[in-house]
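The primary structure of each chain is shown beneath.
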Amino acid sequence: MVVSGCGRSPPLMIAGGRVFVLPCIQKIQRISLNTLTLNVKSDKVYTRHGVPISVTGIAQVKIQGQNKEMLATACQMFMGKSEREISEIALETLEGHQRAIIAHLTVEEIYQDRKKFSEQVFKVASSDLVNMGIGVVSYTLKDVHDDQDYLNSLGKARTAQVQKDARIGEAQYKRDSVIKEARAMQEKVSAQYKNEIEMAKAQRDYELKKAAYDKEVNAKKAESEMAYQLQVAKTKQCIEEEKMQVMVVERTQQIMLQEQEIIRKEKDNTKRELWWICCWRNSHWSV
C-alpha cells in the first residue's frame, strides 16, 4: 500500500500491514508483491553458428517489498498497473536477455550445459530487472528444440559416441581385468614363494637357536654333572679323612690304654717286690 496526499510527502509505503487513511485528502494505492511465474519463450533464435533453435525457460520474479529502495523504484514504475501488466514487462525483459545469450552460444553449449545457460540468464536478467525494483527469484531452462532436426542428429551422434565409448570401455575393462588377474596371480605366487622363504628362514633360525640352546643346555648339564662328581669325591674324601681321624683317635686311645696297663703292671710288680723285700727282711730279723 502506498499512501499519498496531505501529510504524506514523500508517500508512505506499507509492505504487509495496515494504515489509517484520511478520506478525501489522502489517497491509497496498491501494488502486488506476489511472486509471478513467467513462461519465457524464445522461438527460432539463431545461435552463434547460425542454427535456429527454440528455448523455453521458467522464471520466478517478484517486487522486493523488504528493500525500501527497490520498493520505491517499483512503485514509481508500476503504480496503478495490474499483475498481468507487470508480468508482461518482466517477461519481455527476460525474453530479450534470453535471446541475447542464445545468440552468443552454440547449440552444443546450450544443450549440454543447461545449468551454465540458466546461470547466465539469471545473472544478466537480475542486474537489469533490479533497476525496475523486481528481483529474479529463480530461472530454469525448461526445453530446447529445433525444426532442422539438428538436436536429433546431435543426439544420434552422441548416442553413437556413447556406444563407441561403451564398447571401448568394455574392451578396456576386459583388458584391465585380464591384466589385473595376471598381476594378482603373479602377486599370489610371489607371496607364496615369499611365504615359503620366510617359513624356511624361520625353520632355519629355529634350528640354529635350538642347536645353540641344546649346546648350552648340554654344557650346563655336563658342568653340573662334573660339579656333582667333584662334590661326591670331596664328600668321600671328607668321610675318609673322618674315618682316618677316628682310627687315629682309637689307636691313640689303645696306645694310652696299653701304656696305662704297662704302668699298672709295673706298679704291681714294684709293690710285689717291695712286699717280698719286706717279708724277707722280717724273716731275717726274726732269726
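This structure is a prediction, so every number in the text was calculated from the model and none was measured.

Caption draft 1: Focus on the packing of aromatic side chains. Evaluation of the coordinates by the stated rule reveals one aromatic pair. Relative to Trp-276, the ring of Trp-275 has its centre 5.1 Å away and its plane inclined at 75°; by these criteria the two rings are edge-to-face.

Caption draft 2: Spatial organisation of the sheet that holds strand 5 (residues 52–63). A sheet is described by the order of its strands in space; here three strands give the open sequence 4-5-6, paired in antiparallel fashion. With partners counted over all chains shown, the strands left at the sheet margins are strand 4 (36–46) and strand 6 (134–145), one partner each. Within the sheet, the average angular offset between the axes of one strand and its neighbour, ignoring direction, is 20°. The strands that helix 2 (residues 83–103) touches are strand 4, strand 5 and strand 6; relative to strand 4, the one it contacts most, it runs at about 35°.

Caption draft 3: Geometry of the pairing of strand 5. Taking burial as the measure, the twelve residues of strand 5 include nine buried ones, the bulk of the element. Bridge analysis of strand 4 against strand 5 gives nine bridges, and the strand direction is antiparallel. Paired with Leu-38 across the bridge in strand 5 is Ala-59. Connecting strand 4 to the antiparallel partner strand 5 that follows it, the hairpin turn spans five residues, and Gly-50 within it adopts a positive phi of roughly 80°. As judged from the ten bridges shared by strand 5 and strand 6, these two strands associate in the antiparallel manner.

Caption draft 4: Structural context of unusual backbone geometry. A positive phi angle, near 50°, is found at Lys-44, a position not held by glycine. Here Lys-44 is to be found in strand 4. Look at Lys-44 and you get exposed, because its relative accessible area is 54%.

Caption draft 5: Broad picture of the environment of Ser-42. Summarising the element assignment, Ser-42 is placed in strand 4. Exposure remark for Ser-42: the relative accessible area of 0% places this residue in the buried category. Apart from the residues within four sequence positions on either side, Ser-42 is in contact with Ile-53, Ser-54, Val-55, Glu-95, Gln-98, Arg-99 and Ile-102. At 2.7 Å, the side chain of Ser-42 and the side chain of Gln-98 are in polar contact.

Quick notes on the rules
- Sequence positions are assigned chain by chain, starting from 1 and proceeding in written order.
- With pLDDT at 70 or above as the cut-off, local features in this predicted model cover only qualifying residues; side-chain atom pairs require 80 or more to be listed or tallied, and sums for whole chains, interfaces and linings still use all residues.
- Each side-chain value is derived from all of the structure's non-hydrogen atoms; neither hydrogens nor water enter the calculation.
- Any Phe, Tyr or Trp ring, taking Trp's six-membered ring, that has another such ring centre within 6.5 Å forms a pair; planes under 30 degrees apart are called stacked, those over 60 apart edge-to-face, and the others tilted.
- In this description, strands pair whenever DSSP reports at least two bridges between them.
- In this text, helices come from DSSP runs of H or I with a minimum length of four residues, and strands from runs of E with a minimum of two, each type numbered from the N-terminal end.
- Simply put, an axis is a line fit to the C-alpha atoms, just over the touching stretch for a helix, and the angle between two N-to-C directions goes from 0 to 180 degrees.
- It only takes one pair of heavy atoms within 4.5 Å for two residues to be counted as in contact.
- Only protein chains enter the calculation, and the probe is 1.4 Å; a residue is then buried if its accessible area is under 20% of its type maximum, exposed if over 50%, and partly exposed in between.
- Counted as a polar contact is a pair of N or O atoms within 3.5 Å, where, for protein atoms, one must be capable of donating a hydrogen and the other of accepting one, and residues adjacent in sequence contribute only when both atoms are in side chains.

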